[in-house]
Amino acid sequence: MDKIRIRGGHALKGIIPISGAKNAALPLMSAALLTEGELKLSNIPYLADVITMANLLVQHGTTLHMDEKSASATGFGRTIGLKAANITNFTAPYDLVRTMRASVLVLGPLLARFGQAKVSLPGGCAIGTRPIDLHLKALEQMGALIELADGYINAFVKGKLKGADITFDTVTVTGTENVMMAATLAEGETTLRNAAREPEVTDLANCLVKMGANIQGIGSGTLIIQGTKALHGAEHSVIADRIEAGTYAAAAAITGGDVELQGVSMQILGAVAEKFAEAGIDIKPTAKGVRVTRNNGLNGVDVMTQPYPGFPTDMQAQMMALMTVAKGASMITETIFENRFMHVPELTRMGAKINVHGSSAMIRGAKQLTGAEVMATDLRASVSLVIAALAAKGDTIINRVYHLDRGYERLEEKLSACGAEIERIKS
């Protein structure tokens, strides 16, 4: 497996282009299954998870074309065309689903358009359980017959799915996306209550509207979808990755740097920008994005992860890395996933002072982190180690960096362009 070596102590200065959002691209790609027409998606990030989703859709019978000349002036982002006119296979196999839980997003579209789907259960997840029972319960309310057998979800519907009034017990992003897609082709009206409000969900809804869907309440916790007989092709650009932007903002702040993040807005950063400001980080809008600077020391702040518009769980590990060198004490409470503190032992190896008590972690700022050999355990945990390494004294070796390739497009290139001493060591 590849490793990354970082020699810390260099303030990041320069420009970092922010890629399209992985968490928006994956459901958007799944939406291609809802129509015979071509769905053309631009600003697609080139990531391992995107490749996995592409392979999954192709094995269903979707044709895929990538415009190799479509990269923006920054060299990032591609345009792909997806056409699901001749779907021949309704099974999402274990070998693909096990590598990426977002694969379950083909369930709703396949069931709604073709009346059947066989999708492997996603299985375990390093950061905690992500049950799909909310997806299945909602689809059953719409008339689906669902059986679990041999590790697969076998879903059928006689005729068409029927509109229903659905209330999610807890906020679920993929559940909202799956059922919203299914509802666009159902008979009648579907109301989704306690729906996820993340920008990525809104991006999917906006794309579905371009495809001919009738969706009201976009961006709110209640979505009303009037089903239609068929959707058509469309063109849509993936929104910027707010988590990637927050990650590089944390990297700039921890090194005392000055970085412009291009292609992202203050609005989409939301609660992250607010907490960063509280910590003494200056984030200001520019003509092309936002500028991140830190002229003084970092202040310790308390953070609790919450569904959007609260502080995102996908920024929790990066925030913790930032707080390891902040003045005073910080408390970070994780409310979304129960096992999302696996980066703590690795940060401790670098000199961080962290004590975990249940779902909360107390961080006392250290004067200096030191380089060490550490191991990535999941996507966001791995990038938290990168952030810490950028500020640490000496060399840090990060193992199992394939996690990074799932969610960060050409990370080493973006950081080295701003002065970081970083290299990938090929296995």
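Before any of the text, the structure's been laid out above.
Heads up: these notes are all about the structure in this document. Model, not experiment: these values are computed from the prediction.

1. Brief notes about the overall build of the protein
A count of helices and strands for the protein gives 15 helices and 24 strands. The C-alpha atoms of the protein give 22 Å as radius of gyration, which agrees with the globular expectation for 427 residues (22 Å, within 12%). In the protein, which comprises 427 residues, the proportion classed as buried is 56%. In the protein, once contacts between residues fewer than 6 apart in sequence are set aside, the share between residues at least 24 apart is 75%. A total accessible area of about 16600 Å² is found for the protein, and carbon and sulfur atoms account for 50% of it. Each charge sign in the protein was given a centre, from 42 positive and 41 negative side chains, and these centres are 3 Å apart.

2. A look at the nonpolar core
Soluble globular proteins tend to pack their nonpolar side chains together in the buried interior. Among the nonpolar cores identified, the biggest contains 76 residues, and Met29, Val106, Met142, Leu161, Met180, Leu192 and Leu208 are the most heavily contacted of them. The contact partners of methionine 180, leaving out residues within four places of it in the chain, are Leu192, Val201, Leu204, Ala205, Leu208, Ile215, Leu223 and Ile225. By size, the runner-up hydrophobic cluster in this structure holds 71 residues, among which are Ile254, Ile268, Ile363 and Ala372.

3. Observations concerning the packing of aromatic side chains
Scanning the entire structure with this criterion turns up 1 aromatic pair. Pairing phenylalanine 90 with phenylalanine 114 gives two aromatic rings, centres 5.2 Å apart and planes at 55°, and the pair type is tilted. Within this pair, whereas phenylalanine 90 is found in the loop between strand 5 (78–83) and strand 6 (91–92), its partner phenylalanine 114 is found in helix 4 (residues 107–114), the two being separated by 24 residues in sequence.

4. Comments concerning the packing of helix 11 (residues 316–323) against helix 13 (residues 379–391)
Between two packed helices, what matters for the description is the angle formed by their axes and the separation of those axes. Contact pair helix 11 / helix 13: the axes reach a minimum separation of 8 Å and the direction vectors enclose 20°. It follows that helix 11 is roughly parallel to helix 13 by the angle criterion. Regarding helix 11 and helix 13, the two cross each other, and that crossing is right-handed. For the pair helix 11 and helix 13, the contacting residues are Ala317, Gln318 and Ala321 in the first and Arg380, Ala381, Val383, Ser384, Ile387 and Ala388 in the second. Classifying every residue of the contact of helix 11 with helix 13 by side-chain character gives 6 nonpolar, 2 polar and 1 charged.

5. Examining helix 10 (residues 271–278)
Residues of helix 10 that are buried include every one of Ala271, Val272, Ala273 and Phe276, and no others. Buried positions along helix 10 lie against helix 8 (242–254), helix 9 (266–269), strand 16 (282–285) and helix 11. Downstream of helix 10 by one or two residues, glycine 280 has phi in the positive range, about 100°.

6. Focus: the side chain of arginine 242
Relative to the assigned elements, arginine 242 resides in helix 8. A polar contact is formed between the side chain of arginine 242 and the side chain of glutamate 200, at a distance of 2.8 Å. In this structure arginine 242 touches Glu198, Pro199, Glu200, Ile268, Leu269, Tyr308 and Pro312, once residues within four positions along its chain are discounted.

7. Re the sheet that holds strand 22 (residues 373–375)
Read from one edge of the open sheet, 4 strands run 22-23-1-24, paired in mixed fashion. The open sheet has two edge strands with one neighbour each: strand 22 and strand 24 (421–425). This sheet shows a mean twist of 20° between the axes of neighbouring strands, independent of strand direction. Inspection of the sheet shows strand 22 paired to strand 23 (residues 395–399) by 3 bridges, in the parallel sense. Looking at the pairing, glutamate 373 lines up with isoleucine 397 of strand 23.

Calculation criteria
Residues numbered from 1 in each chain as written. Predicted model: local features only at pLDDT ≥ 70, side-chain atom pairs only at ≥ 80, totals over all residues. Heavy atoms only, no water. Helix = DSSP H or I, 4+ residues; strand = E, 2+ residues; numbered from the N terminus. Rg over C-alpha atoms; globule rule 2.2 N^0.38 Å. Buried < 20%, exposed > 50% of the residue type's maximum accessible area, 1.4 Å probe, protein only. Contact = heavy atoms within 4.5 Å. Areas by Shrake-Rupley, 256 points an atom, 1.4 Å probe, with all protein chains shown as cover. Lys, Arg positive; Asp, Glu negative; His and termini not counted. Charge placed at Lys NZ, Arg CZ, Asp CG, Glu CD. Core = buried A, V, L, I, M, F, W, Y, C linked by side-chain atoms within 4.5 Å. Phe/Tyr/Trp six-rings, centres within 6.5 Å; stacked < 30°, edge-to-face > 60°. Axes fitted to C-alpha atoms, helices over the stretch in contact; angles between N-to-C directions. Parallel < 35°, antiparallel > 145°, perpendicular 65-115°, else oblique. Left-handed = near helix turned anticlockwise from the far one by under 90°. Nonpolar A, V, L, I, M, F, W, Y, C, P; charged D, E, K, R; others polar. Polar contact = N/O pair within 3.5 Å; in protein donor to acceptor, adjacent residues only side chain to side chain. Pairing = 2+ DSSP bridges.

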